[in-house]
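Okay, here's what each chain looks like letter by letter:
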Amino acid sequence: MARKKPAAHLARDERPEFLALVAELADVPAEQFPALAKQAAEQYHDAVLAGHVDALDRAEDAYTALVYKLNGDSLRGCKADADSAGHVLARAVAAQPGQVPGWGQAGEFLLEVDGLRVWVVVPHHMLGNHRFCDFRAVDLDKPFVSETGYRSVTLTATSSIGETVDQAARREVLELIQAAGKLKTIEGEYVDRRGADKRPAWLVDALAGVRADGQLAMFGDAPKDPNAKAPLTNAQRQKAFRERKRAEKEAAKEEGLVSLSLGRDDLSYMWWAMSVFLTARRDLEHLKQPYVRERLAKIFGGLPFWTPDAIEKLDQDQGILNGEKRVESERKRGWEEYEKYRKIAAAQGKELAEARAEIERLKNGLQAIAAEVSGTPAPIGAAVSAAVPKADEVATLRRQVAALERENALLESERNKAHMAIGTWEQRLRAAGQSTDYRALPGEPGHVTVTPDKD
Amino acid sequence: MTTAQQSAMQAVANQLPTSRLIEAVRFVGGAVLPPSENMARAALLTSYQEREGDDALDALMDEIGL
């Protein structure tokens, strides 16, 4: 009797069901691969919890097909470097650091088992059945499951049916403790090597609010800020104060400054003296004013406009004030004209839009009538010609254009008139020896006296 | 005050000897003044600046507290 030929082992990428999954991805863009990989990882996790082995295999195949396709139809070198397909999808699927990963995910989290705090690192193995996890000690000054503060264990998905990753990890820790009989003190060499400064940021944050015994940290229990200012003793503080004062005194001496110590009464007296000085000075200036005018009259008194009445009215020149008023009124009138025609143009634009909407409505109505009569919709061109005669529409638009041109010509002539009027006034002012400068001149309201800048 | 009046005042100030310019500016002082006195002081200071330069003007203005 001939023996039955044993079934040959087929590699994953030779199995027809796997190749069929790959073929399904032929038209899927690469941007969708991370989302599909996440979906496969979630299915894998659910399958482990539900104990559904077939679903487990299907999810694993689906995920591996994505890696296979993204890697150029091969699994060879799919984790060659950080940008390879295997790593790209693993990163897309990975859990947030600090959160317990699902069975299909890589991740790191903090586990506490009977007061023993463990930093668990779960790498990604393309959803394989075996997970080589790292158990790392968090409290290096306390006993751990190994004297090195580190232990590698294997979590098997099919042996953890119905368990989450943290439950499986907890079981492993308990089994290790039970097997060893008691926890071991971490050796000094490994304490140094795995110092607290080598913890990742998420772990530092996670430990900030919890004490080693698992209790929530209260005020004063939180880890000390390494950059916080160290408290000084009274002697150190006094010494620092003396040194600072000495340095200030020497700096002042170099600059030629004299330091004065003023008490509250001294400062009050000083403020009072300054106030009296300033008041007296202001009063004196006021008293001095007639003499100043008299003195300046000796210098400038020869000028025709330097008479007592005229210099009082230097800032009230009626000609300039009138000129300013005229400029202002012209500006205002120009603005009003502009606003008026802008509003007219806006209203006409609105009317035009309404007319267009009406034409459109009539066209649609005509089409509906044509469809009802003949059973087929009338052509658009025919509808337009029937609804609004083309010649009429053109004539209407021409009338509107002509009206707008007339308004524009009127506006232009108004502006030219204003320019001519300003030109005439300027000529008159020049003939009268007056300034044509429209800005406020010295002595006029609104004028800012410009004296040479000291700086 | 028109530009012509201002020019006329400047011309008068330019005719004064420097010592008299300084004396007049010191007497007028750095207080806030009515427009006519203010423009007269500006004319005097401009003349002084043209003759003695910016640094001298700064010193004089510091002296009167302007």
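Keep in mind the model is a prediction, meaning the values are calculated, not measured.

### A closer look at the overall build of chain A
Each helix and strand in chain A was counted, giving 13 helices and four strands. Taking all 455 residues of chain A together, 17% fall into the buried category. Long-range pairs, those at least 24 residues apart, make up 53% of the contacts in chain A with a sequence separation of at least 6.

### Quick notes on the overall build of chain B
The number of helices and strands found in chain B is four helices and zero strands. In sequence order, chain B lays out its α and β elements as α-α-α-α. Residues counted as buried form 33% of the 66 residues belonging to chain B. Across chain B, contacts joining residues at least 24 apart in sequence account for 67% of those joining residues at least 6 apart.

### A closer look at the interface of chain A and chain B
The interface is formed by 24 residues belonging to chain A together with 28 residues belonging to chain B. Per element, the largest residue contribution to the side of chain A that touches chain B is seven residues, and it comes from helix α9 (residues 264-300) of chain A. When the residues that make up the side of chain A that touches chain B are grouped by side-chain class, the tally is eleven nonpolar, six polar and seven charged.

### A closer look at the pairing of strand β2 (residues 116-122) of chain A
Residue and element names in this part refer to chain A. Among the seven residues that make up β2, six are buried, leaving the element largely enclosed by the rest of the structure. What sits between the antiparallel neighbours strand β1 (residues 107-113) and β2 is a turn of two residues, in which aspartate 114 has the positive phi angle 50°. As judged from the four bridges shared by β2 and strand β3 (residues 130-137), these two strands associate in the antiparallel manner. Along β3, the bridge assignment pairs valine 118 with alanine 137.

### Observations concerning the confidence of the model for chain B
All names here are of chain B. Mean pLDDT over chain B: 90, with 98% of residues reaching 70 or higher. Of all the helices and strands in chain B, helix α1 (residues 3-15) carries the lowest mean pLDDT, 89, while helix α2 (residues 18-28) carries the highest, 93. Here the complex is predicted with pTM 0.42, and the ipTM for its interfaces comes to 0.89.

### With respect to helix α4 (residues 85-93) of chain A
In an α-helix there are 3.6 residues to a turn, and that puts residues three or four apart on one side. Among the residues of α4 of chain A, Ala85, Gly86, Val88, Leu89, Ala90 and Val93 of chain A are the ones counted as buried. Buried residues belonging to α4 of chain A abut α2 (33-50) and α3 (53-70) of chain A.

### Quick notes on the sheet that holds β1 of chain A
Residues and elements named next belong to chain A. What the four strands build is an open sheet, ordered β1-β2-β3-β4; its pairing is antiparallel. Looking along the sheet, the strands with just one partner apiece sit at the ends: β1 and β4 (150-156). Put simply, the sheet's adjacent strands are angled 30° from each other on average, direction ignored. As paired elements, β3 and β4 share seven bridges and run antiparallel to each other. Residue arginine 131 lies in a different strand from β4, and its bridge partner there is leucine 155. Against the sheet, helix α5 (residues 165-180) contacts β1, β2, β3 and β4, and its axis sits at roughly 50° relative to β1.

### A closer look at the packing of α2 of chain A against α3 of chain A
All names here are of chain A. As a packed pair, α2 and α3 sit with axes 8 Å apart at the nearest point and diverge in direction by 160°. Between α2 and α3, the angle is such that the two are roughly antiparallel. The hand of the α2/α3 crossing is left-handed. Contact residues: Phe33, Leu36, Ala37, Ala40, Ala41, Gln43, Tyr44, Ala47 and Val48 in α2; Ala55, Leu56, Ala59, Glu60, Ala62, Tyr63, Leu66 and Leu70 in α3.

### Some words on the environment of alanine 440 of chain A
Residue and element names in this part refer to chain A. Of note, alanine 440 is situated in the segment after α13 (390-431). Assessed through the 15 C-beta atoms surrounding it within 10 Å, alanine 440 is described here as partly exposed. Separated by 119 residues in the primary sequence, alanine 440 and leucine 321 have C-alpha atoms spaced 8.9 Å apart. Sequence-distant contacts of alanine 440, defined by excluding residues within four places in its chain, comprise Pro445, Gly446 and His447.

### With respect to the packing of α9 of chain A against α2 of chain B
Packing of α9 of chain A against α2 of chain B brings their axes to within 10 Å, and their N-to-C directions diverge by 160°. When the axes of α9 of chain A and α2 of chain B are compared, the pair comes out roughly antiparallel. The two elements α9 of chain A and α2 of chain B meet at a crossing, and its hand is left-handed. Counted together, Val292, Arg295 and Ile299 of chain A of α9 of chain A and Ala24, Phe27 and Val28 of chain B of α2 of chain B form the full contact between these two elements. A per-class count over the contact of α9 of chain A with α2 of chain B returns five nonpolar, no polar and one charged.

### Remarks on unusual backbone geometry
Residues and elements named next belong to chain A. One non-glycine residue with positive phi stands out, namely aspartate 73, at about 55°. With respect to the secondary-structure elements, aspartate 73 resides in the loop between α3 and α4. Backbone geometry places aspartate 114, a non-glycine residue, at a positive phi of 50°. Residue position: aspartate 114 is located in the loop between β1 and β2.

### What to know about the nonpolar core
Residue and element names in this part refer to chain A. Core analysis: the biggest nonpolar cluster contains 42 residues, and Ala40, Tyr44, Ala59, Tyr63, Leu66 and Leu89 have the highest contact counts within it. Among the secondary structure elements, those contributing two or more residues to this core are α2, α3, α4, β2, β3, α5 and α7 (201-208). Here this core takes eight residues from α3, the largest share from any one element. Split by domain, this core shows at least three residues from each of two domains, domain 1 (12-93) and domain 2 (107-208).

### What to know about the confidence of the model for chain A
In the predicted model, chain A carries a mean pLDDT of 83, and 87% of its residues have values of at least 70. Confidence, expressed as mean pLDDT per element, reaches its minimum in chain A at helix α12 (residues 380-387) of chain A with 51 and its maximum at helix α8 (residues 234-255) of chain A with 91.

Procedures and definitions
Residues numbered from 1 in each chain as written. Chains lettered and ligands numbered in written order. Predicted model: local features only at pLDDT ≥ 70, side-chain atom pairs only at ≥ 80, totals over all residues. Helix = DSSP H or I, 4+ residues; strand = E, 2+ residues; numbered from the N terminus. Buried ≥ 20, exposed ≤ 12 C-beta atoms within 10 Å, placed from the backbone. Contact = placed C-beta atoms within 7 Å. Nonpolar A, V, L, I, M, F, W, Y, C, P; charged D, E, K, R; others polar. Pairing = 2+ DSSP bridges. pLDDT = per-residue confidence, 0-100. Axes fitted to C-alpha atoms, helices over the stretch in contact; angles between N-to-C directions. Parallel < 35°, antiparallel > 145°, perpendicular 65-115°, else oblique. Left-handed = near helix turned anticlockwise from the far one by under 90°. Core = buried A, V, L, I, M, F, W, Y, C linked by C-beta atoms within 7 Å. Domains from an automatic or database assignment.

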